[in-house]
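# A structural walkthrough
Chain by chain, the residues run as shown.
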Amino acid sequence: MNAIITMLCGVAFMCIPFGCQAQADGWKLVWHDEFDTEGAPDKTMWHFEKGFVRNHEDQWYQEDNAYCHGGLLVFEGRAEKSPNPMWRKDSREWRSSRDSIRYTSSSINTRGTFQFLYGRMEVRARIPVTGGAWPAIWLLGTGVEWPSCGEIDIMEYYRIDGVPHILANAAWGNDKHYDAVWNSVRTPFSHFLDKDPLWASKFHVWRMDWDREYIRIFLDGELLNELRMADIRNGSIGNYGNPFDKPQYILLNLAMGGDNGGEIDDASLPIRYEVDYVRVYQKEGL
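Just so we're clear, the structure is a prediction, and the values are computed from it rather than from any experiment.

## Some thoughts on the layout of surface pockets
In this structure, the largest pocket occupies an estimated 620 Å³ of space. Lining of the largest pocket is provided by 29 residues; of these, Asn55, Trp134, Glu151, Glu156 and Trp182 occupy positions nearest its centre. Elements with a minimum of two residues in the lining of the largest pocket: β11 (133–140), β12 (151–160), β13 (163–173), β14 (180–188), β18 (249–256) and α3 (258–261). Tallied by class, residues from the lining of the largest pocket come to 13 nonpolar, six polar and ten charged.

Right, here's the structure in full:
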């Protein structure tokens, strides 16, 4: 069976110069966003999340903090204080127990507009590396609760015990609700700084190659993590299947603080996470 593409909203594709090398290698560009128009991200391609969403994070997600400018998609993490509209007196739930919003950022995804099964995904981006920054490039499945839907983290950056790391992960389900089986590779950020002390000031290319046998995650051509598909199986909640045999959609976000982001360095705010492009390729016979 050939690779499957699931698309809505009628996105049209063509051979353009940046795709020619990939096509020479047998890859065909099937979906992309170059962020070349000014203003908000294309809402036929991207949806925004709103509010306090996950991981006890400190930021309130809102549309204002993501915009296209100069050929880049820019996420801004800001210190902005306002009342929390979700606040409820005496609430113990983390979203509604906070009486105020202290930080804002954005999170966008392609759920309902584009998802794909197998292929190559490339993202060129420049990430913030200050305290509290938690930028990410990731994918999720649908049709069953997390983590049995499957999650692929092409990129996460945050501090572990105070030490900055870049992570390449995947997660799936077991027999317990909302409890993940993780395959996570955590590379100390010093590994990249040793090769280039100016690494943080530059753009870098994250790539995922995903087929029936492997999921491989690369950073600037360096393999960070390799997962063998035969080793991945959900528990009973996911009917013992492999969630990565089904399509996934794309998420980009800049989180702050929370479970993994750590203490936010207020002096560094606002911070910017800049994405040059997102491209998905496929080829026959994957």
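What follows continues from the structure just given.
## Describing a nonpolar patch on the surface
Taken together, the side chains of Trp146, Tyr178 and Trp182 make up a nonpolar region of the molecular surface, amounting to roughly 360 Å² of accessible area. Here tyrosine 178 shows up in the loop between β13 and β14. Residue tyrosine 178 is classed as exposed on the basis of its relative accessible area, which comes to 57%.

## Looking at the confidence of the model for the chain
Summary statistics for the chain give a mean pLDDT of 93 and a share of 91% for residues scoring 70 or more. The secondary-structure element of the chain with the lowest mean pLDDT is strand β1 (residues 4–7), recorded at 49, while β18 shows the highest, at 99.

## Describing the packing of aromatic side chains
Per the stated rule, a full pass over the model turns up 16 aromatic pairs. On the basis of an interplanar angle of 10 degrees and a centroid distance of 4.7 Å, the ring pair of tryptophan 31 and phenylalanine 114 is categorised as stacked. One end of the pair, tryptophan 31, is in strand β2 (residues 28–33); the other, phenylalanine 114, is in strand β9 (residues 114–117), with 83 residues separating them in the sequence. Phenylalanine 114 shares its class with tryptophan 31; the two are buried. A centroid spacing of 5.7 Å and a plane angle of 20 degrees characterise the contact between phenylalanine 114 and phenylalanine 116, whose relative ring orientation is stacked. Residue class for phenylalanine 116 comes out buried when judged on its relative accessible area of 0%. Through pairs of rings, three or more aromatic residues link up here, namely Trp31, Phe35, Trp46, Phe114, Phe116, Tyr118 and Trp210. Lying across the ring of phenylalanine 218, arginine 207 places its NZ or CZ 4.0 Å from the centre. Seen from the ring of tyrosine 214, arginine 216 lies directly overhead, with NZ or CZ sitting 4.1 Å from the centre.

## A few points about the environment of leucine 140
Tracing the backbone through its elements, the reader meets leucine 140 in strand β11. Classification of leucine 140 by relative accessible area gives buried; the value is 11%. Along the primary structure leucine 140 and asparagine 84 are separated by 56 residues, whereas in three dimensions their C-alpha atoms are 28 Å apart. Those residues in contact with leucine 140, other than ones at most four positions away along the chain, are Trp146, Cys149, Gly150, Glu151, Gln248, Tyr249 and Leu251.

## So, the pattern of salt bridges
Under the defined criterion, the tally for this structure stands at 16 salt bridges. Across the salt bridge formed by aspartate 276 and arginine 124, the nearest N and O atoms sit 2.8 Å from each other. With a gap of 152 residues between them, aspartate 276 in strand β19 (residues 271–282) and arginine 124 in strand β10 (residues 119–126) connect regions that are remote in the sequence. Through salt bridges with shared partners, a single ionic network connects Glu76, Arg78, Glu80, Arg126, Arg272 and Glu274.

Reading the values: rules and limits
- Residues numbered from 1 in each chain as written.
- Predicted model: local features only at pLDDT ≥ 70, side-chain atom pairs only at ≥ 80, totals over all residues.
- Heavy atoms only, no water.
- 1 Å grid on protein atoms, 1.4 Å probe; cavity = no way out; pocket = protein on both sides within 12 Å on 5 of 7 lines; lining within 4 Å.
- Points joined across faces, edges and corners; volume = space filled by probe spheres on them.
- Helix = DSSP H or I, 4+ residues; strand = E, 2+ residues; numbered from the N terminus.
- Nonpolar A, V, L, I, M, F, W, Y, C, P; charged D, E, K, R; others polar.
- Patch = residues over 30% accessible without salt bridge, like charges linked within 9 Å, V, L, I, M, F, W, Y side chains within 5 Å.
- Areas by Shrake-Rupley, 256 points an atom, 1.4 Å probe, with all protein chains shown as cover.
- Salt bridge = Lys/Arg side-chain N within 4 Å of Asp/Glu carboxyl O.
- Buried < 20%, exposed > 50% of the residue type's maximum accessible area, 1.4 Å probe, protein only.
- pLDDT = per-residue confidence, 0-100.
- Phe/Tyr/Trp six-rings, centres within 6.5 Å; stacked < 30°, edge-to-face > 60°.
- Lys NZ or Arg CZ within 6 Å of the ring centre and 35° of its normal.
- Contact = heavy atoms within 4.5 Å.

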